Amino acid sequence: MSDTDPDKPALLDRARGALLGLAVGDALGATLEFGPRIASVKDYHREMIGGGPFGLQPGEWTDDTAMMLALSKSLTLRKGFDPVDVMERWVSWYRTGEYSCTGTCFDIGGTTRAALERFERTGDPFAGSADEHTAANGSLMRVAPVALFGLDDEAEAVRIAREQSRLTHAHPACVSTCDYFVRLLRLFILGEEDPIKLALVKWSGHPEVQRAKAALWGGLKRKDARSTGYVIDTLESAFWAVSASGSFEQAVVLAVSLGGDSDTVGAVTGALAGAKWGERSIPERWLKPLAWRSKIGATALSLVRVSSEVHLHGL
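The structure presented is a predicted model; accordingly, all values stated were derived computationally and were not measured. (Residues numbered from 1 in each chain as written. Predicted model: local features only at pLDDT ≥ 70, side-chain atom pairs only at ≥ 80, totals over all residues. Heavy atoms only, no water.)

S.K.: Can you lay out the environment of L151 for me, pointing to particular residues and giving the numbers?
M.R.: Note that L151 resides in the loop between α5 (144-149) and α6 (154-168). With 75 residues separating them in the primary sequence, L151 and T76 have C-alpha atoms 14 Å apart. (Helix = DSSP H or I, 4+ residues; strand = E, 2+ residues; numbered from the N terminus.)

Right, here's the structure in full:
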């Protein structure tokens with residue numbers, strides 16, 4: 001991908017859309033986190049009002065965006081995947097609130113916490129558990145920057161997506177979901193719109209990814225979309241929300257109004273919808289109060305630039 005690519009402005013809009021969309025979905029969904037599903041369309045959650053279980057200000061986001069930013073920083077500065085560096089940055093977030101817009105780590109999943117503490121004890125960055133009870137969505141929610149870093153090299157993007165999952169979430173469902181999602185997200189950012197090509201995206205591993213994949217083409221009804229912490233449910237609900245919508249706004253509203261783990265379902269949906277429709281599709285009323293808006297947009301551009309440097313110039 002060269003700087004003279006005629007589609008460069010549109011590609012950068014989609015790249016920024018992926019990361020800003022993730023943060024917007026996270027912030028919008030945080031209001032409803034742990035809450036019930038909203039039953040009536042007229043009551044769907046549409047405004048950036050903050051609050052929720054953590055008492056956030058409008059536009060503030062949770063662990064999804066914080067971990068994404070830490071991973072992005074590592075990929076950019078190290079010009080590749082350095083597992084120890086990534087884990088050290090996540091520990092800094094966990095212990096001191098670095099990468100958090102509130103200055104504290106107020107929301108962290110149990111599987112992630114256990115892995116970070118295991119890393120502190122052992123020094124082994126691949127600290128994720130593969131236990132059957134650890135197939136949570138903590139590695140999926142933060143994987144979007146890997147698609148930007150790997151725009152010029154799908155194999156590298158897939159490798160990093162899988163490895164970054166294993167740092168905290170080594171269950172095959174988590175690793176396989178990150179594998180599939182980063183392939184799809186990368187194609188959306190590159191501007192692929194052919195449904196046949198998108199449907200033929202290859203993946204390997206956990207068979208339940210096939211179930212989630214079907215939702216991207218309308219194979220799911222709202223009553224069957226589950227907003228739980230299980231990684232396959234999160235992927236499936238995000239796919240359902242995007243497939244049932246004609247805009248970024250509609251997709252994210254559908255996602256977060258499922259309640260439950262609404263910040264993460266919102267974040268994953270926002271990343272995919274932002275990659276599909278671009279930053280320009282995100283409502284300004286959501287972007288205006290978004291914490292660290294400029295930093296997140298700049299992070300996306302840095303990842304694309306470093307991707308080009310690394311893969312075209314062999315740095």
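Read on, since the account is not over.
S.K.: Which residues make up helix α4 (residues 110-122), and what values go with them?
M.R.: The first and last C-alpha atoms of α4 sit 18 Å apart over 13 residues, in line with the 18 Å expected at 1.5 Å per residue. Among the residues of α4, those classed as buried are T111, T112, A115, L116 and F119. Across the axial projection of α4, the buried residues extend over an arc of 130°, all falling on one side. Buried-residue contacts for α4 involve α2 (63-78), α3 (83-96) and α6. The first or second residue beyond α4 is G123, which carries a positive phi of 80°. (Expected span 1.5 Å × (residues − 1). Buried < 20%, exposed > 50% of the residue type's maximum accessible area, 1.4 Å probe, protein only. Arc of directions from axis to C-beta. Contact = heavy atoms within 4.5 Å.)

S.K.: Describe empty space enclosed by the protein, naming the residues involved and giving the relevant values.
M.R.: Per the stated rule, a full pass over the model turns up one cavity of 30 Å³ or more. The volume enclosed by the largest cavity comes to roughly 40 Å³. In this structure, the largest cavity is lined by T62, D63, A66, W93, S100, T104, C105, F106 and D107. By residue class, the composition of the lining of the largest cavity is four nonpolar, three polar and two charged. (1 Å grid on protein atoms, 1.4 Å probe; cavity = no way out; pocket = protein on both sides within 12 Å on 5 of 7 lines; lining within 4 Å. Points joined across faces, edges and corners; volume = space filled by probe spheres on them. Nonpolar A, V, L, I, M, F, W, Y, C, P; charged D, E, K, R; others polar.)

S.K.: Before we move on, could you go through the nonpolar core and cite the residues and values that matter?
M.R.: Residues W61 and I189 are the most contacted members of the largest nonpolar core, which totals 104 residues. Per-element tally for this core: the top contributor is helix α7 (residues 172-189), with 11 residues. Those residues in contact with I189 that sit more than four places away from it in its chain are L11, R14, A15, A18, A147, L148, L151 and A275. (Core = buried A, V, L, I, M, F, W, Y, C linked by side-chain atoms within 4.5 Å.)

S.K.: Requested: an account of the packing of aromatic side chains, with residues and values cited.
M.R.: A full pass over the atoms with the stated rule returns five aromatic pairs. Judged by centre distance (5.1 Å) and plane angle (55°), the rings of F54 and F106 are tilted. Linking F54 in the loop between α1 (8-30) and α2 with F106 in the loop between α3 and α4, this pair joins segments that are 52 residues apart in sequence. Look at F54 and you get partly exposed, because its relative accessible area is 29%. Here F106 falls in the partly exposed class, since its relative accessible area comes to 23%. Positioned above the aromatic ring of F126, the side-chain terminus of R166 is 4.5 Å from the ring centre. Over the face of the ring belonging to W292 we find K295, whose NZ or CZ atom lies 4.0 Å from the ring centre. (Phe/Tyr/Trp six-rings, centres within 6.5 Å; stacked < 30°, edge-to-face > 60°. Lys NZ or Arg CZ within 6 Å of the ring centre and 35° of its normal.)

S.K.: Outline α2, supporting the account with residue identities and numerical values.
M.R.: End to end, α2 covers 22 Å across 16 residues, agreeing with the expected 22 Å (1.5 Å per residue, within 8%). Within α2, 13 of the 16 residues are buried, which leaves it mostly tucked inside the rest of the structure. Remark: K79 follows α2 within two positions and exhibits a positive phi of approximately 55°.

Read these as spatial facts, not as claims about activity.
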